[in-house]
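Close look at the chain arrangement
Each chain, letter by letter, is given below.
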Amino acid sequence: MAAKSQPNVPKAKSVDSVTNDRTASQGQWGRAWEVDWFSLGSIIFLLLCAPFIVYYFIMACDQYSCALTGPVVDIATGRARLSDIWAKTPPITRKAAQLYTLWVTFQVLLYTSLPDFCHKFLPGYVGGIQEGAVTPAGVVNKYQINGLQAWLLTHLLWFANAHLLSWFSPTIIFDNWIPLLWCANILGYAVSTFAMVKGYFFPTSARDCKFTGNFFYNYMMGVEFNPRIGKWFDFKLFFNGRPGIVAWTLINLSFAAKQRELHGHVTNAMVLVNVLQAIYVIDFFWNETWYLKTIDICHDHFGWYLGWGDCVWLPYLYTLQGLYLVYHPVQLSTPRAVGVLLLGLVGYYIFRVANHQKDLFRRTDGRCLIWGKKPKVIECSYTSADGQRHHSKLLVSGFWGVARHFNYVGDLMGSLAYCLACGGGHLLPYFYIIYMAILLTHRCLRDEHRCASKYGRDWERYTAAVPYRLLPGIF
Ligand code: NDP
């Protein structure tokens with residue numbers, strides 16, 4: 001499918017853009033301008049099927065004790081009809097709608113009305129007002145980084161309720177899980193549709209909008225780069241972090257509470273899933289400033305992929321292990337539990353150190369030590385849509401010299417650990433590692449395509465110096 005309108009096509013080049021411009025395209029290194037048939041097909045498939053995939057997983061747990069083949073076998077053998085399954089599915093309720101509205105409103109208030117105070121007393125934590133990366137149009141946005149504070153206050157309230165206040169049962173999330181799914185879908189679709197309309201009629205930064213000429217692609221991948229309301233309400237930062245990621249640890253806690261209620265105790269597998277995923281979540285908020293430099297914020301536009309994905313896909317599918325353990329209270333042998341813990345911690349270590357190395361390198365402009373030595377560097381340059389020439393550096397030392405995306409390998413090891421904690425009884429909890437492997441491999445290819453068009457020959461020099469993407473000698 002050919003691209004049509006390019007309202008913000010870059011203008012004239014500046015003089016010093018000559019060196020690298022045969023392969024690097026000026027200011028076009030953001031999201032794709034053109035939609036091929038494969039991308040279009042995948043997008044239509046996801047728009048049509050993703051909500052049903054989420055429903056299928058959650059329904060399979062609710063009605064078939066997490067047996068993924070259960071519904072298919074029942075329908076194929078005539079034991080159940082689709083209408084029977086649907087009739088047993090809890091509908092949206094007033095209680096769920098009130099809960100969800102309260103939850104999102106609370107997170108909006110924490111995000112917009114409470115400037116960060118954590119950076120004032122937590123040594124090493126970087127919060128408060130921070131700058132994002134240069135956008136393709138050459139804009140640098142400012143962000144209010146207060147996610148750690150939001151996470152801490154929310155969890156403080158959760159524990160205060162569980163141990164002192166008793167306003168609601170800690171199983172409240174599990175008990176309303178399917179009715180809440182409908183609410184999350186309503187918000188996901190509403191925010192994606194609003195973002196699309198906003199992109200067309202009142203964008204925050206028109207120069208950073210992209211219109212491919214294909215409605216489905218624009219809806220899915222977004223038109224606006226950094227949609228905002230007012231000075232501080234940034235859609236991408238808000239929807240990715242809260243309500244999605246703040247909710248992640250609360251959802252797991254609610255599943256643990258339900259496991260205790262149903263089975264009388266919390267298993268070591270449930271503890272492992274809660275602890276390992278909490279490390280990942282706290283890491284995310286501790287490093288929220290770093291997150292401003294990741295692909296989600298630096299390169300992806302805000303559409304259904306991020307809007308609906310953050311509201312529905314992330315809280316419902318990233319928490320499948322905890323949900324599964326409510327129905328199957330797996331208790332691991334000590335050696336196996338230790339093995340899972342070690343895999344999760346080593347994965348986290350690689351993930352964190354690799355991301356930290358790049359962040360440190362970029363923040364200090366290469367004036368740092370990586371693995372105790374002065375880092376090896378590839379000097380590179382690119383041009384933003386306003387014709388400005390920018391200089392940057394690619395790190396060739398540390399994990400970035402082992403493979404071009406070794407940070408993803410750490411993430412995959414951690415993801416596998418969550419799944420292994422659930423034992424081998426069912427496929428459902430393994431969905432996460434399968435999904436992450438596809439997501440991160442696709443992300444790797446997508447990012448490399450973008451970096452190649454951003455840095456041109458300089459990127460080729462990097463791929464020659466570090467030939468493998470994920471695993472040395474394999475891929
Ligand atoms: P990266 O943090 O790997 O960022 C890629 C960008 O880094 C590139 O676009 C380029 O940007 C820059 N870069 C690439 N190579 C180098 C280098 N050698 N030296 C310096 N800069 C380089 O990707 P993500 O944002 O995708 O991932 C961040 C983390 O988040 C990862 O650990 C990933 O596993 C995790 N993640 C988790 C997800 C989940 O759902 N759980 C989803 C997605 C990511 P530039 O234009 O600035 O040069």
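Under an unreviewed UniProt entry, the name given to the protein is 7-dehydrocholesterol reductase, and the source organism is Theropithecus gelada. Per UniProt, the protein has the following entry under Sequence similarities (unreviewed entry): "Belongs to the ERG4/ERG24 family." Here is the UniProt Pathway (unreviewed entry) comment for the protein, exactly as written: "Steroid biosynthesis; cholesterol biosynthesis."

**Brief notes about the site of the ligand**
Residues in contact with the ligand amount to 28 residues; listed here are only the nearest, Tyr 318, Asp 411, Arg 443, Asp 447 and Tyr 455. One of the side-chain nitrogen or oxygen atoms of Tyr 280 is found 3.0 Å away from a nitrogen atom of the ligand. Here the ligand has 920 Å² of accessible area as a free molecule, and 93% of this is covered by the chains. Residue assignment for the shell around the ligand shows that the elements contributing at least two residues are α16 (334-363), β6 (389-395), α18 (406-420) and α19 (431-455). In terms of residues, the shell around the ligand owes the most to one element, α19, which gives nine residues. Class assignment of the residues belonging to the shell around the ligand gives a composition of 15 nonpolar, five polar and eight charged.

**Structural notes on the pattern of salt bridges**
Throughout the structure, instances matching the rule amount to 19 salt bridges. The partner of Lys 198 in a salt bridge is Glu 224, and the shortest N-O contact between them spans 3.0 Å. You can see Lys 198 sitting in helix α8 (residues 177-201) and its partner Glu 224 sitting in the loop between α9 (215-221) and β3 (228-229), a full 26 residues away along the chain. The partner of Glu 448 in a salt bridge is Arg 469, with the nearest N and O atoms 3.3 Å apart. With Glu 448 in helix α19 and Arg 469 in the segment after α20 (457-465), this pair connects stretches of sequence that are 21 residues apart. Of the residues examined, Arg 469 reaches a relative accessible area of 26% and is grouped as partly exposed. Within the structure, one salt-bridge network assembled from shared partners comprises Asp 365, Arg 367, Glu 379 and Lys 393.

**Quick word on unusual backbone geometry**
The omega torsion of the bond from Arg 242 to Pro 243 falls at 10 degrees, within 30 degrees of zero and hence cis. Inspection of the secondary structure assignment puts Pro 243 in helix α10 (residues 235-263). The residue Cys 66 is not glycine, and still its phi comes out positive at about 75 degrees. Mapping Cys 66 onto the fold places it in the loop between α1 (37-64) and α2 (70-76). Classification of Cys 66 as buried rests on a relative accessible area of 0%.

**Notes on the nonpolar core**
Core analysis: the biggest nonpolar cluster contains 136 residues, and Val 54 and Trp 313 have the highest contact counts within it. At 12 residues, α10 tops the list of elements feeding residues into this core. Leaving out residues up to four positions away in the same chain, Val 54 has contacts with Leu 181, Trp 308, Val 312, Trp 313, Tyr 316 and Leu 317.

**A closer look at α1**
Of all the bends in α1, the greatest reaches close to 45 degrees and is centred on Cys 49; the proline Pro 51 follows between one and four positions later. Of the residues trailing α1, Ser 65 is marked for its positive phi of about 50 degrees.

**As for a nonpolar patch on the surface**
On the surface, a nonpolar cluster with roughly 600 Å² of combined accessible area is contributed by Phe 194, Val 197, Tyr 200, Phe 201, Phe 202 and Ile 229. When residues in the nonpolar patch are grouped by element, the largest group, four residues, is from α8.

**Describing the packing of α1 against α8**
At their nearest, the axes of α1 and α8 sit 11 Å apart, and the two run at 165 degrees to each other. Considered as vectors, α1 and α8 are oriented roughly antiparallel to each other. In this structure, the crossing between α1 and α8 has a hand that is right-handed. Counting all contacts with α1, which are made through Leu 47, Pro 51, Val 54, Tyr 55, Ile 58 and Asp 62, the residues of α8 involved are Trp 177, Ile 178, Leu 181, Trp 182, Asn 185 and Tyr 189.

**Regarding the state of the cysteines**
Scanning all chains against the criterion turns up one disulfide. Across the disulfide from Cys 61 sits Cys 66; the S-S distance is 2.4 Å. A torsion of 115 degrees about the S-S bond marks the disulfide between Cys 61 and Cys 66 as right-handed. Left unpaired, Cys 298 is separated from the closest cysteine sulfur, that of Cys 451, by 10 Å. The closest cysteine sulfur to the non-disulfide-bonded Cys 368 is located on Cys 380, 15 Å from its own sulfur.

**Focus: the packing of aromatic side chains**
The final tally for this structure, using the stated rule, is 43 aromatic pairs. Note on Trp 158 and Phe 168: the rings are 5.8 Å apart at their centroids and 55 degrees apart in plane angle, and the pair reads as tilted. One end of the pair, Trp 158, is in helix α6 (residues 147-165); the other, Phe 168, is in the loop between α6 and α7 (172-175), and 10 residues separate them in sequence. We classify Trp 158 as buried; its relative accessible area is 8%. Lying across the ring of Phe 225, Lys 236 places its NZ or CZ 4.3 Å from the centre.

**Let's talk about the UniProt feature "transmembrane region" (unreviewed entry) in the protein**
Under the UniProt annotation, "transmembrane region" (unreviewed entry) lies at residues 37-58, 150-170, 176-197, 266-286, 334-351 and 415-440. Secondary structure content for residues 150-170 is 76% helix and 0% strand, and the end C-alpha separation is 19 Å. The annotated region residues 334-351 carries 100% helix and 0% strand content, and the separation between its end C-alpha atoms amounts to 25 Å.

**Structural notes on the pairing of strand β1 (residues 128-134)**
Looking at chain direction, β1 and strand β2 (residues 140-145) are connected through five bridges and run antiparallel. For Gln 130, the partnering residue across the bridge sits in β2 and is Tyr 143. In textbook terms, the turn of a hairpin is the stretch between consecutive antiparallel strands, and for β1 and β2 this stretch comprises five residues, one of which, Gly 138, has a positive phi near 90 degrees.

**As for the pairing of strand β5 (residues 377-383)**
When you tally the buried positions in β5, you get five out of seven residues, the bulk of the element. In the sheet, β5 pairs with β6 via seven bridges, with the strands oriented antiparallel. In the strand pairing of β6, Cys 380 is matched with Ser 392.

The rules we used
Starting from 1, residues in each chain are numbered consecutively following that chain's sequence as written. Local features in this predicted model are restricted to residues whose pLDDT is 70 or higher, and side-chain atom pairs enter the listing and the counts only when it is 80 or higher, whereas totals over whole chains, interfaces and linings include all residues. Water and hydrogen atoms play no part in the side-chain values, which are based on all heavy atoms of the structure. UniProt positions are given in the numbering used here, feature names are shortened, and annotations may be inferred rather than shown by experiment. Being near a molecule or strand, for a residue, means having at least one of its heavy atoms within 4 Å of it. In the analysis that follows, any N or O atom pair within 3.5 Å is treated as a polar contact, provided that within protein one partner can donate a hydrogen and the other can accept it, and provided that, for residues neighboring in sequence, both atoms belong to side chains. To measure how exposed things are, a 1.4 Å probe is used in the Shrake-Rupley method; for residues, cover is taken only from the protein chains shown. In this text, helices come from DSSP runs of H or I with a minimum length of four residues, and strands from runs of E with a minimum of two, each type numbered from the N-terminal end. Three classes are used, and their members are as follows: Ala, Val, Leu, Ile, Met, Phe, Trp, Tyr, Cys and Pro are nonpolar, Asp, Glu, Lys and Arg are charged, and the others, Gly among them, are polar. Salt bridges are counted wherever a side-chain nitrogen of Lys or Arg sits within 4 Å of a carboxyl oxygen of Asp or Glu. Here's how the labels work: a residue is buried when its accessible area is under 20% of the maximum for its type, exposed when over 50%, partly exposed in between, all with a 1.4 Å probe on protein chains only. Here, the term nonpolar core denotes a set of buried Ala, Val, Leu, Ile, Met, Phe, Trp, Tyr and Cys residues that are joined through side-chain atoms within 4.5 Å. Residues count as neighbours in contact if any of their non-hydrogen atoms are within 4.5 Å of one another. By definition, a residue's bend is the angle between the axes fitted to the seven residues ending there and the seven starting there. A residue counts toward a patch only above 30% relative accessible area and without a salt bridge, and it is joined to like-charged neighbours within 9 Å or, for Val, Leu, Ile, Met, Phe, Trp and Tyr, to nonpolar neighbours within 5 Å. Axis definition: a line fitted to C-alpha atoms, over the contacting stretch in the case of helices. Angles run 0 to 180 degrees between N-to-C directions. Working rule for angles: under 35 degrees goes down as roughly parallel, over 145 as roughly antiparallel, 65 to 115 as roughly perpendicular, anything else as oblique. Should the near helix be turned anticlockwise from the far one by less than a right angle, the crossing is termed left-handed; should it be turned clockwise, right-handed. Only a pair of cysteine sulfur atoms within 2.5 Å qualifies as a disulfide here. Stacked, tilted and edge-to-face pairs are distinguished by plane angle, under 30 degrees for stacked and over 60 for edge-to-face with tilted covering the rest, among Phe, Tyr and Trp rings (Trp via its six-membered ring) whose centres lie within 6.5 Å. By the criterion adopted, a ring carries a charge over it if an Arg CZ or a Lys NZ lies within 6 Å of its centre and within 35 degrees of its normal. Here the rule is simple: two strands pair whenever DSSP picks up at least two bridges between them.

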